[in-house]
Amino acid sequence: MSSDSLLFIAVFLASAVEGVEAVTIVLAAGLTRGWRSALVGAGVASVALAAIVAVLGPALTALPIDILRLVVGALLLIFGLQWLRKSILRASGFKALHDEDAIFAAELAADRAIGREPRGIDGYGFTVSFKGVLLEGLEVAFIVVTFGSNQHNIPLAVLAALAAALLVIVAGVAVRAPLSRVPENTLKYAVGVMLTAYGTFWGAEGAGAHWPGGDAAILALIAFTLVTSALLGVAMRRRHARLPASFATSPPTPQ
Amino acid sequence: MSRLRTLAAFLYDFVVGDDPLIAAVVLVMLALTAAIAGAGVPAWWILPLGVVAGLSISLYRSTRA
């Protein structure tokens, strides 16, 4: 196999892995907070990314990626744990379904009922989507610059990254419709799991830790977060069941 | 000044949310990860431990009453 073929395959696969991470986050934000905010966040991040790449070019590798990973990881982890906490409290009956998210949920439901995307921009959906795309996009740019310059063929590395991005985006659009039929509370729980897993991965890497198995550790972290939160959900349901009837006011909501 | 205060309140609410304990646990665990990784010792296990601890304590605290 020629060195050009190897370069294309290596950049394609590495970029596809990063692309799947970005698309997962945009899908999660879009399905739970509205597509307008998630897509605007992804679009603004893409423009910012293009500007950074255009200005810095090969000097891109000098950017402090670990600091970026640390900040983004910490924020995603905090967001993810808050979402998991609320989902578990709702599922166990400790928290009513309609709480501080009621206004947003009502607007979302009203807009969806008439087949319209929600008006305005939801800051949460925008931020999560923006950070995910910017960080993963920067990682793809690093891959292109480092692999491409090592093999003295940056245009081929760019082509491989673009092909991977196209494939991942098409796959994301294809799974959007089936995902939109999943109950909202279950989606919120799933988003909490994903944000927590990605936040744990990036946060630890940004702090200087190295994951056994590299990027594959994300799958283990997703499984770990799922099992942990499910066990905590069971424990909270039992705790709620032991409450006197006068305290157990809100019925469990479906997950 | 009041605009700055409003912005700070918004950012606090946006980032920290309902339970400041979760943000505190995340920051402490990240600092611990950085310190241990800096000493050349594997530190990947600290944050998952923090996830379990932070979520458990936060859930039990908020349902205690």
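Model, not experiment: these values are computed from the prediction.

The next thing to look at is the overall build of chain A. Of the regular secondary structure elements, chain A holds 8 helices and 0 strands. Secondary structure elements of chain A occur, N-terminal to C-terminal, as α-α-α-α-α-α-α-α. For chain A, the computed accessible surface area is about 11800 Å², with 72% contributed by carbon and sulfur atoms.

Moving on to the packing of aromatic side chains. All names here are of chain A. Summed over all chains, the structure comprises 7 aromatic pairs over all chains. Arranged with centres 6.1 Å apart and planes meeting at 15°, the rings of phenylalanine 8 and phenylalanine 12 form a pair that is stacked. Residue phenylalanine 8 and its partner phenylalanine 12 are both found in helix α1 (residues 3-33); the two are separated by 4 residues, about one turn of the helix. Three or more aromatic residues joined by ring pairs make a cluster, and in this case those are Phe79, Trp83 and Tyr124.

A few words now on the packing of helix α3 (residues 65-92) of chain A against helix α8 (residues 217-241) of chain A. Residues and elements named next belong to chain A. The N-to-C vectors of α3 and α8 enclose an angle of 40°; their axes lie 8 Å apart at closest approach. It follows from the interaxial angle that α3 and α8 lie oblique. Considering only the axes of α3 and α8, their crossing is right-handed. Residues Leu84, Ile88, Ala91 and Ser92 of α3 form the contact with α8, whose participating residues are Thr225, Ser229, Leu232, Gly233, Met236, Arg237 and His240. Each residue belonging to the contact of α3 with α8 can be placed in one class, and the counts come to 5 nonpolar, 5 polar and 1 charged.

Another point: the packing of α3 of chain A against helix α3 (residues 46-63) of chain B. Close contact between α3 of chain A and α3 of chain B brings their axes to 10 Å; oriented N to C, the two are set at 40°. In terms of axis orientation, α3 of chain A runs oblique to α3 of chain B. Crossing angle aside, the handedness with which α3 of chain A passes α3 of chain B is right-handed. Residues Leu77, Leu81, Leu84, Arg85, Ile88 and Leu89 of chain A of α3 of chain A lie in contact with α3 of chain B, whose contacting residues are Leu47, Val51, Leu55, Ser58, Leu59, Ser62 and Thr63 of chain B. A per-class count over the contact of α3 of chain A with α3 of chain B returns 9 nonpolar, 3 polar and 1 charged.

What follows is about the pattern of salt bridges. Throughout the structure, instances matching the rule amount to 6 salt bridges over all chains. In this structure, the salt-bridge partner of arginine 85 of chain A is aspartate 19 of chain B, at a minimum N-O distance of 3.9 Å. With arginine 85 of chain A in helix α3 and aspartate 19 of chain B in the loop between α1 (2-16) and α2 (20-38), the pair connects residues from two separate chains. The residues arginine 85 of chain A and aspartate 19 of chain B share a single accessibility class, namely buried.

So, about the interface of chain A and chain B. The accessible area lost on association of the parts is a frequent measure of interface size. Opposite the 37 residues of chain A that make contact, chain B presents 27 residues. Summed over both sides, the interface of chain A with chain B buries roughly 2800 Å², with 79% coming from carbon and sulfur. Among the residues chain A hides against chain B, the three largest losses belong to Ile78, Leu81 and Arg85 of chain A. Together they make up 21% of the total. Linking chain A with chain B are 1 salt bridge. Where chain A meets chain B, there are 4 residue pairs in polar contact (both at pLDDT 80 or more). Put simply, the parts of the chain that give the side of chain A that touches chain B at least two residues each are α3, α5 (123-150), α7 (184-206) and α8 of chain A. Tallying contributions element by element places α3 of chain A first for the side of chain A that touches chain B, with 13 residues.

Turning our attention to the confidence of the model for chain B. All names here are of chain B. Taken over all residues, the pLDDT of chain B has a mean of 88, while the share at 70 or more is 94%. Confidence, expressed as mean pLDDT per element, reaches its minimum in chain B at α1 with 76 and its maximum at α2 with 95. Here the complex is predicted with pTM 0.69, and the ipTM for its interfaces comes to 0.91.

Thresholds, definitions, all that
Residues numbered from 1 in each chain as written. Chains lettered and ligands numbered in written order. Predicted model: local features only at pLDDT ≥ 70, side-chain atom pairs only at ≥ 80, totals over all residues. Heavy atoms only, no water. Helix = DSSP H or I, 4+ residues; strand = E, 2+ residues; numbered from the N terminus. Areas by Shrake-Rupley, 256 points an atom, 1.4 Å probe, with all protein chains shown as cover. Phe/Tyr/Trp six-rings, centres within 6.5 Å; stacked < 30°, edge-to-face > 60°. Axes fitted to C-alpha atoms, helices over the stretch in contact; angles between N-to-C directions. Parallel < 35°, antiparallel > 145°, perpendicular 65-115°, else oblique. Left-handed = near helix turned anticlockwise from the far one by under 90°. Contact = heavy atoms within 4.5 Å. Nonpolar A, V, L, I, M, F, W, Y, C, P; charged D, E, K, R; others polar. Salt bridge = Lys/Arg side-chain N within 4 Å of Asp/Glu carboxyl O. Buried < 20%, exposed > 50% of the residue type's maximum accessible area, 1.4 Å probe, protein only. Buried area = accessible area lost by both parts, 1.4 Å probe. Polar contact = N/O pair within 3.5 Å; in protein donor to acceptor, adjacent residues only side chain to side chain. pLDDT = per-residue confidence, 0-100.

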